[in-house]
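Chain by chain, the residues run as shown.
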Amino acid sequence: MAQRRRRSITAAAACLLLLEAPSSSSVEAFSSAPSSLKASRRAPSSPPARFAALENAAEPNEPPQLLPELAPTESGAAPSAMPTLVPTDVVQSARLRPFDKDAVINSAIFLFAIGVVLERVLSVDVGITRGWSPAEIAERIPIDTWRSYNNILNMAPLPTKAVTSATVYTIGDIIAQTKEGNDIGKLDRWRTLRSMLAGFIGHGPMSHVWYHVSEDFFDNVLRLHAWWDFIPKVAVDQAVFGPLWNNSYILLLGLFQLQKPGQIWGDMKRTTVPLIISGLKLWPFVHCITYGLIPVENRLLWVDAVEILWVTILAGEASGGAEEDVVEKSAAEDDSLR
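The sections below set out a description of the structure shown in this document.

The rules behind these values
Residues numbered from 1 in each chain as written. Predicted model: local features only at pLDDT ≥ 70, side-chain atom pairs only at ≥ 80, totals over all residues. Heavy atoms only, no water. Helix = DSSP H or I, 4+ residues; strand = E, 2+ residues; numbered from the N terminus. Buried < 20%, exposed > 50% of the residue type's maximum accessible area, 1.4 Å probe, protein only. Areas by Shrake-Rupley, 256 points an atom, 1.4 Å probe, with all protein chains shown as cover. Phe/Tyr/Trp six-rings, centres within 6.5 Å; stacked < 30°, edge-to-face > 60°. Core = buried A, V, L, I, M, F, W, Y, C linked by side-chain atoms within 4.5 Å. Contact = heavy atoms within 4.5 Å. Axes fitted to C-alpha atoms, helices over the stretch in contact; angles between N-to-C directions. Parallel < 35°, antiparallel > 145°, perpendicular 65-115°, else oblique. Left-handed = near helix turned anticlockwise from the far one by under 90°. Nonpolar A, V, L, I, M, F, W, Y, C, P; charged D, E, K, R; others polar. Polar contact = N/O pair within 3.5 Å; in protein donor to acceptor, adjacent residues only side chain to side chain. Salt bridge = Lys/Arg side-chain N within 4 Å of Asp/Glu carboxyl O.

## Re the overall build of the protein
When helices and strands are counted, the protein shows 13 helices and two strands. Counting the 338 residues in the protein, one finds 23% classified as buried. Accessible surface for the protein amounts to roughly 24500 Å². Of this, 66% is attributable to carbon and sulfur atoms.

As structure tokens, then:
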């Protein structure tokens, strides 16, 4: 009984061993097979090509991966992958822009000037706006700013007019450079400074003296008080003060640029008549308002405001003419190549 039980246990253990281990014939075949066959059986088999194609087709949204081209070497060594050429525009867009020092300096100057102006304008009613609505504040700021300017003008007329002309000539030069195609980093600060000094030293003080002398001459010397007295005033302005200021402006710019006296004198002779002719297109009509309606102390501010508009128009026409010259030149070059 015990022997039968041992035999049954032994037979069950043998069956389990046969199920888990390979058969004797497979072991013998495996032992008699060459080593390359052993390696092939040990290595996992790759899926068929049609399965790989189906797997690749299962992801249609995946962009195809371009393989690098293989370049043969002279020594017969294994070919190396050639680098893929990247488009120039991609490289330029990815490349960091260099630090523009002039753009930073000009931007800082502009922001500082704008901040000073805003601080002066917005603080004109500080201390008296308690209880005011935003609409009342917005309505009172322009009126009180104008009153504050006139108060300063009455207390210090000459310095106030000098600063006014310096500000206007600075704005005019910046507009002219912008119309010429210069961005904020390419603005010539020294040119703008020369224009500002010309307005501060020349136009402001000279206009202050001229308007008072002209008014005193027509009122107290000629005793001309008719409604049409602005007509001779405009005529004298265009014949005397216009050429005087134009040549003074050229003289100041030449001195600031350290030009030779002969060059400055040549510029004066060359530009006197053309400037008078170009000024006749606008200033006689403007000065009808200047000498007919505007008070003496505010005439400079009115003229400076019109000068900003005039400089903008002239700069726009100059830039447009330059673009037309470039187009005509390129067209002529194309015709010559044909």
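## Some remarks on the environment of Leu193
The residue Leu193 is located in helix α9 (residues 189–221) in this model. Judged by its relative accessible area of 32%, Leu193 falls in the partly exposed class. For the pair Leu193 and Phe256, spaced 63 residues apart in sequence, the C-alpha to C-alpha distance is 9.6 Å.

## Brief notes about the packing of aromatic side chains
Here a ring pair, both rings aromatic, is described through the centre-centre distance and the interplanar angle of the planes. Throughout the structure, instances matching the rule amount to seven aromatic pairs. The rings of Tyr169, Trp245 and Tyr249 are connected pair by pair, giving a single aromatic cluster.

## Here we look at the nonpolar core
Core analysis: the largest hydrophobic core is formed by 14 residues, its most contacted members being Trp210, Tyr211, Trp283 and Tyr291. When residues of this core are traced back to their parent elements, those giving at least two are α9, α10 (230–256), α12 (283–292) and α13 (299–337). At four residues, α10 tops the list of elements feeding residues into this core. Ignoring any residue separated from it by four or fewer positions in sequence, one finds Trp283 in contact with Gln238, Val303, Val306, Glu307 and Trp310.

## As for the packing of helix α8 (residues 157–179) against α9
It is at 7 Å that the axes of α8 and α9 come closest, and there the two elements cross at 135°. The angle between α8 and α9 places the two elements in the oblique class. Two packed elements cross with a definite hand, and for α8 against α9 that hand is right-handed. Considered class by class, the residues forming the contact of α8 with α9 number eleven nonpolar, ten polar and three charged.

## What to know about the side chain of Glu215
Position of Glu215 among the secondary structure elements: in helix α9. Owing to a relative accessible area of 16%, Glu215 belongs among the buried residues under this scheme. Of note is the side chain of Glu215, whose polar atom sits 2.9 Å from the side chain of Arg299. For Glu215, the contacting residues outside a window of four places in its chain are Lys233, Val296 and Arg299.

## Some details on unusual backbone geometry
Residues apart from glycine generally show negative phi values, whereas peptide bonds are mostly found in trans. Despite not being glycine, Arg223 shows a phi value in the positive range, around 50°. If you trace the backbone, Arg223 turns up in the loop between α9 and α10. Taking relative accessible area as the criterion, Arg223 reaches 62% and is therefore assigned exposed. In this structure, Leu258 is a non-glycine residue whose phi angle is positive, near 60°. On the basis of relative accessible area, Leu258 is assigned to the exposed category, the value being 75%.

## Observations regarding the pattern of salt bridges
Per the stated rule, a full pass over the model turns up nine salt bridges. Between Lys161 and Glu297 there is a salt bridge, and its shortest N-O distance comes to 3.2 Å. Taken together, the residues span a long stretch of sequence, with Lys161 in helix α8 and Glu297 in the loop between α12 and α13 at a distance of 136 residues. Taking the relative accessible area as the measure of exposure, Lys161 reaches 2% and is therefore buried. In this structure, Asp229 engages Lys233 in a salt bridge whose closest nitrogen and oxygen atoms are separated by 3.8 Å. Lys233 shares its class with Asp229; the two are buried. What emerges from the salt-bridge pattern is a single network uniting Glu215, Asp229, Lys233 and Arg299.

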